[in-house]
Amino acid sequence: MKKKIIALISGAVILIIAAGSIYGKSESGHKEGEPDVVGTFSVNRDENITVVANRGHIGDKEAFARELLQMYKDDSFYSTKFSTDRGYATSLDMNIYLWKEDIEDGASVMTVEYRPVEYGKDYDVVNNPDIFELYIDGKEVEE
């Protein structure tokens, strides 16, 4: 009888610990301050990406935009891996939100566009970066 009670109590404790570890984890599994892609679609090889900054503000928008470009080139976003079966993107359009909950409000905190100087030449963002121009909130950023 004692063995059954001890087994029951031990089993309950194990279940409680397991449930606590599952529910105690953050929803996203990544760190605050680490940008992540939460949505993407492409038309031909032009990528449209929704990014969550996972931070309260973006101090240097240009530095943040360049960080996102590098993350795309390195394919190092936490939740999304981009397919390169058809090659790399021929342009990137990003809408950036501070937090995932802000997406529902509809107003992004910034936009980033990375576009080729000349369309239709099959340039891509990884192999031909010198052919591309960076735009933040619609304004061109000079190199």
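Whatever comes next refers back to the structure up there.
Treat the numbers as computed from the prediction; the structure is a model and nothing was measured.

Rules used throughout
- Residues numbered from 1 in each chain as written.
- Predicted model: local features only at pLDDT ≥ 70, side-chain atom pairs only at ≥ 80, totals over all residues.
- Heavy atoms only, no water.
- Helix = DSSP H or I, 4+ residues; strand = E, 2+ residues; numbered from the N terminus.
- Buried < 20%, exposed > 50% of the residue type's maximum accessible area, 1.4 Å probe, protein only.
- Contact = heavy atoms within 4.5 Å.
- Areas by Shrake-Rupley, 256 points an atom, 1.4 Å probe, with all protein chains shown as cover.
- Salt bridge = Lys/Arg side-chain N within 4 Å of Asp/Glu carboxyl O.
- Pairing = 2+ DSSP bridges.

What follows concerns the overall build of the protein. Helix and strand content of the protein: two helices and six strands. Burial analysis of the protein (143 residues in total) assigns 28% to the buried set. Taking all contacts inside the protein whose residues are at least 6 apart in sequence as the whole, residues at least 24 apart take part in 56%. Accessible surface computed for the protein: about 9400 Å², of which carbon and sulfur atoms make up 54%.

Here the focus is the pattern of salt bridges. Counted under the stated rule, the structure contains six salt bridges. Residue Arg66 is joined to Glu62 by a salt bridge in which the shortest nitrogen-to-oxygen separation is 3.2 Å. Of this pair, Arg66 and Glu62 both sit in helix α2 (residues 61-74), four residues apart, which is roughly one turn of the helix. The exposure class assigned to Glu62 is partly exposed, which follows from its relative accessible area of 32%. Residues joined by salt bridges that share partners form a network here, namely Asp93, Glu113 and Arg115.

Let's shift gears to the pairing of strand β5 (residues 132-136). Residues Phe132, Leu134 and Ile136 of β5 are buried on one face, while the alternating residues Glu133 and Tyr135, pointing to the opposite face, are not. Direction of pairing for strand β4 (residues 110-116) relative to β5: antiparallel, over a ladder of five bridges. Bridge pairing in β5 places Tyr114 opposite Leu134. Pairing of β5 with strand β6 (residues 139-141), which is carried by three bridges, proceeds in the antiparallel orientation. Bridging from a neighbouring strand, Tyr135 pairs with Glu140 of β6.

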